[in-house]
Amino acid sequence: MNPKKIAKITTVLVKSQLRSGRSGRASAKFFNRPSSILILDVVVFVLSAAIVSRIVQSIPNTPQFDLRSVAIQALVFTPALIPALIFIASLLFELSVSSKFAASDTLNWMPVSQAEYVTASSLSICAMYSFIVAAAYGVILPFALAQGLIYVWALAVPLGFLALFVGGLLVEMLRATLNRVSSSMLGRARRGTLFLRLVVSIFVIVVFQLFFNPLVLFSVLSSLSGSVSAAFAIPFVWPTEVLSYAVAGDYVQSALFGILSVLFAGFMVLLAVRVRSKFWSPAPVTVVVSRGEYAPSVGRLTRFGFTSVESAIIRKDFKSLSRRREMIPFLAIPVVFVAVIVLPQTLGRSGVSPAPAGVLSFPLLFLAGIYALIFSTISIGEEGKAILTLYSLPVQPGQVLRAKAAFALLFTLTVSFVLVGVASLLGKFELETAVESLVLAPALAIELTFYGLGFATRFPDFAERPRPRFIRPAGMLIAMPTGLVLSLITSSPFLITVLATSFGLELGSLPIVLVGAALVFAAVVALLSYRWALAGMKALFSEVQV
Amino acid sequence: MSSITGDAVQQSGFNALDVSGLVKAFGTTKAVRGITFNVRKGEILGLLGPNGSGKSTTMKLVLGILKPDAGTVIVYGRSVAEDPIEVKNEMGYVPETPQIYEFLSGVEYLDFVGDMYSMAPAVKKERINQFLQALDLNGHENEMIGSYSQGMKQKIAITAALMNRPKLLIADEVLNGLDPRSARIVKDLLRNLAKEGVSILFSTHVLEIAEAICDKVVIMSQGTILAEGAIPELKKRAGLPGSTLEDIFLKITGTEDLREVAEALSR
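A quick note: this is a predicted structure, and the numbers were derived from the prediction, not measured. (Residues numbered from 1 in each chain as written. Chains lettered and ligands numbered in written order. Predicted model: local features only at pLDDT ≥ 70, side-chain atom pairs only at ≥ 80, totals over all residues. Heavy atoms only, no water.)

(A) Layout of the interface of chain B and chain A. If you look at the interface, chain B gives 37 residues, while chain A gives 42 residues. Between chain B and chain A, the buried area comes to about 3500 Å², and carbon and sulfur atoms account for 62% of it. Together, Tyr101, Phe103 and Met116 of chain B form the three largest contributors to the area buried by chain B at its contact with chain A, with a combined 19%. Inspection of the region where chain B meets chain A yields four salt bridges. Only helix H2 (55–63), helix H3 (84–89), helix H4 (106–116) and helix H5 (121–134) of chain B provide two or more residues apiece to the side of chain B that touches chain A. Examining the composition of the side of chain B that touches chain A, we find that eight residues originate from one element, H4 of chain B, more than from any other. (Contact = heavy atoms within 4.5 Å. Buried area = accessible area lost by both parts, 1.4 Å probe. Salt bridge = Lys/Arg side-chain N within 4 Å of Asp/Glu carboxyl O. Helix = DSSP H or I, 4+ residues; strand = E, 2+ residues; numbered from the N terminus.)

(B) How the structure looks around the sheet that holds strand S7 (residues 168–172) of chain B. All names here are of chain B. Strand order in the open sheet made by the six strands is S6-S7-S8-S3-S9-S10, with mixed pairing throughout. Here the strands that pair on one side only, and so sit at the sheet edges, are strand S6 (91–94) and strand S10 (224–229). Neighbour-to-neighbour, the strand axes of this sheet turn through a mean angle of 15 degrees, independent of strand direction. Pairing geometry for S6 and S7, over four bridges, is parallel. Directly across from Tyr93, in S7, lies its bridge partner Ile170. Strand contacts of helix H10 (residues 245–252): strand S3 (44–48), strand S9 (216–221) and S10, with the helix running at about 30 degrees to S9, the strand carrying the most contacts. (Pairing = 2+ DSSP bridges. Axes fitted to C-alpha atoms, helices over the stretch in contact; angles between N-to-C directions.)

(C) Molecular detail of the packing of helix H13 (residues 308–323) of chain A against H4 of chain B. Packing of H13 of chain A against H4 of chain B brings their axes to within 8 Å, and their N-to-C directions diverge by 155 degrees. Between H13 of chain A and H4 of chain B, the crossing angle belongs to the class labelled roughly antiparallel. For H13 of chain A against H4 of chain B, the interelement crossing comes out left-handed. Facing H13 of chain A, whose interface residues are Ser308, Val309, Ala312, Ile313, Arg315, Lys316, Lys319 and Arg323 of chain A, H4 of chain B presents Glu108, Asp111, Phe112, Asp115 and Met116 of chain B. Of the residues belonging to the contact of H13 of chain A with H4 of chain B, the class tally is five nonpolar, one polar and seven charged. (Parallel < 35°, antiparallel > 145°, perpendicular 65-115°, else oblique. Left-handed = near helix turned anticlockwise from the far one by under 90°. Nonpolar A, V, L, I, M, F, W, Y, C, P; charged D, E, K, R; others polar.)

(D) Broad picture of the nonpolar core. In terms of nonpolar packing, the biggest core is built from 195 residues, with Ile313 and Leu390 of chain A together with Leu17, Phe37, Tyr109, Met116 and Leu201 of chain B touching the most fellow members. The leading source of residues in this core is helix H8 (residues 150–185) of chain A, at 17 residues. Residue contributions to this core reach at least three from each of two domains, namely domain 1 (1–195 + 235–288) and domain 2 (311–546) of chain A. Non-local contacts of Leu201 of chain B, meaning those with residues more than four positions away in its chain, are made with Leu17, Phe37, Val39, Leu45, Leu47, Met59, Val62, Leu169, Ile170 and Ala171 of chain B. With 36 residues, the next largest nonpolar core counts Ile200, Phe202, Val217 and Ala227 of chain B among its residues. (Core = buried A, V, L, I, M, F, W, Y, C linked by side-chain atoms within 4.5 Å. Buried < 20%, exposed > 50% of the residue type's maximum accessible area, 1.4 Å probe, protein only. Domains from an automatic or database assignment.)

(E) Spatial organisation of the pattern of salt bridges. All names here are of chain B. Evaluation of the coordinates by the stated rule reveals 25 salt bridges over all chains. Put simply, Arg181 and Asp136 hold a salt bridge, and the shortest N to O gap is 2.7 Å. One end of the pair, Arg181, is in helix H7 (residues 180–195); the other, Asp136, is in the loop between H5 and helix H6 (150–162), and 45 residues separate them in sequence. The partly exposed category is assigned to Asp136, whose relative accessible area is 34%.

(F) Representation of the packing of aromatic side chains within the structure. Taken as a whole, this structure holds 17 aromatic pairs over all chains when the rule is applied. Considering the side-chain rings of Tyr371 of chain A and Phe375 of chain A, the 5.8 Å spacing of their centres and the 35 degrees angle between planes classify their relative orientation as tilted. Of this pair, Tyr371 of chain A and Phe375 of chain A are both found in helix H15 (residues 357–377), four residues apart, which corresponds to roughly one turn of the helix. For the pair shown, Tyr371 of chain A and Phe375 of chain A are each scored as buried. A network of ring pairs unites the aromatic residues Phe236, Trp238, Phe264 and Phe267 of chain A as a single cluster. Above the plane of the ring of Tyr76 of chain B lies Lys167 of chain B, whose end atom (NZ or CZ) is 5.3 Å from the centre. (Phe/Tyr/Trp six-rings, centres within 6.5 Å; stacked < 30°, edge-to-face > 60°. Lys NZ or Arg CZ within 6 Å of the ring centre and 35° of its normal.)

This is how it looks when you write it as structure tokens:
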């Protein structure tokens, strides 16, 4: 391995991720430089440390709220959570490599070894997500300082970055495996094979997520072994063991797990290189989607009030979602949500009573909303440069928006019903809770779909690069936190009901009033968002963006 | 941008396309600097110029997918700025690089485009089959466009532009990537379309092609028009009656002394 080559490739990959959307503005120029990541990390670290420091100073240390215990928990468990976090983030932003680039990526024909590419690619992922580690350890620092655990914090930081690197390697392995699924199935394939590829790809993503998620592994092993000592058998938790033993003053054990953690990272590099060498076969593929004679589409959607233009766009978007490799993660996300949240709950842990219904359903309701937001924010940018087709044809911006909204709603509403349905069944909800969930989930999905469309029209990223992102980072950075706030507001009646039930409080008819208010709120946000999106779409179509 | 006036409509009565005082800048770069030209019904106008001369920008301005900073574009009496949808119904566009949905098959893409023009299913079917056969795409029409060669993608883009029988065709480097047989078919097709009254705004780097099929050429450089007229007329004006269009082009664009450059490159 040539370190200089690795550094160069890493820089190029980071630049490819950073340089999206419009340039020319001062902020864009700043974010075009890889060094901006370091500056951003420092700012995130300092800000989070400063904010939490003020909070820590104001918290009284009582038996009910043991600050030392909080500090230790945060220090010890953060490295174990980082790979899972990176993995979830990668579903959205890293696995969307288009087939075109998988086959013609410059690095495929340059003198670059698999090991160099895998290491560089993992490092570039580390760079892009380093702000998560910076924020986490910025938050933990004031707790550690207040409790005299700064030496553990100093040990935890490199372990956090090691975990980040391992997360990056996991993403690389998944990327190569998905590539093999695609190329082995699409030699000269038919439409049925496309569907099979979709199903197998989602299966691979879910298996990876379950197999490499420490929380899931911990639940499974705990349920099997009946004790928490199962952690010893999970390499992802070894950094946690390093810190646990350091806190306990057992430095020999701590050093032993430290060595094991580094060896495991090395093993993961070898494994990732092996997986890529074995599975990376960017062979061009020919897919025949039909064998029969051409029969013109008749536009059945026109029966539901759509124009022929709108129904053609909806049909086209459906094909885009089911046929493009870069869209597969967006279909896998709801399945991963269910698997990661539901599986540990249904397995249960030894000696731990099952979680109350609300604990299971609230995150799913919330995630259904966030999913609607994510799905709709990418709905314009996913057109890519082919948006030029729509620009050059006699299509009204309003028609494009209605088609995009209808398609996104069809999908996000289905996902929200399925997620809440699964939660209701597995969580054995009371009727009132189930009805509340089934009313609020679609309301939230509609609200956030329209809200997301507003951002999709104003921040689309049509650039076709090795890892397309469909929405400019600025758009996602604003849409996500504000969307989270909207989600919390709309689902607050449910949250209040769940909390009140947990504390044994009687609310009377208040939940009905709260649900009504939430529905009105969701309707108002959806309407305003639609108008905002329509204005955005008109502005977008006033001048070509590619 | 000024709106269409009664006089302008009157003046454009004989023209398929009237471009007047068109200006477009991208930041500090002035791509098009106040150009004026027209295309008559059934005429093929070749837009020529070196790389970066503003040809593609001009074509996008004519199509209405770029907003001019100043000037007007009138297509068959309609302002592109005021009636973009109506005007697009009358136009076909072949972009410099085919930007098409690669997850659709060739025939699905054409079906999609037909729906955008609200074409009747029977008409769609007839035209699509006609073009697939003429452009040797039969047998590949059900394959996803992602696996097509550059030339096949170009043929799909050409079919998409022509399937609604446009009155004005805007073709940006339309022969890019085509094999000699297909290029010949497309050249003949353009001539036939012109005979049938379709007006064509056509850009190319290949001057022999322009010389062979264009009725008139506009030579652009740095966003301005250096020369405009029928090729024999330009030869006469340039004082090069027995020369080729390439000689005129190189003389007008000031790049005629290329021997030294070639020698320097080969050293």
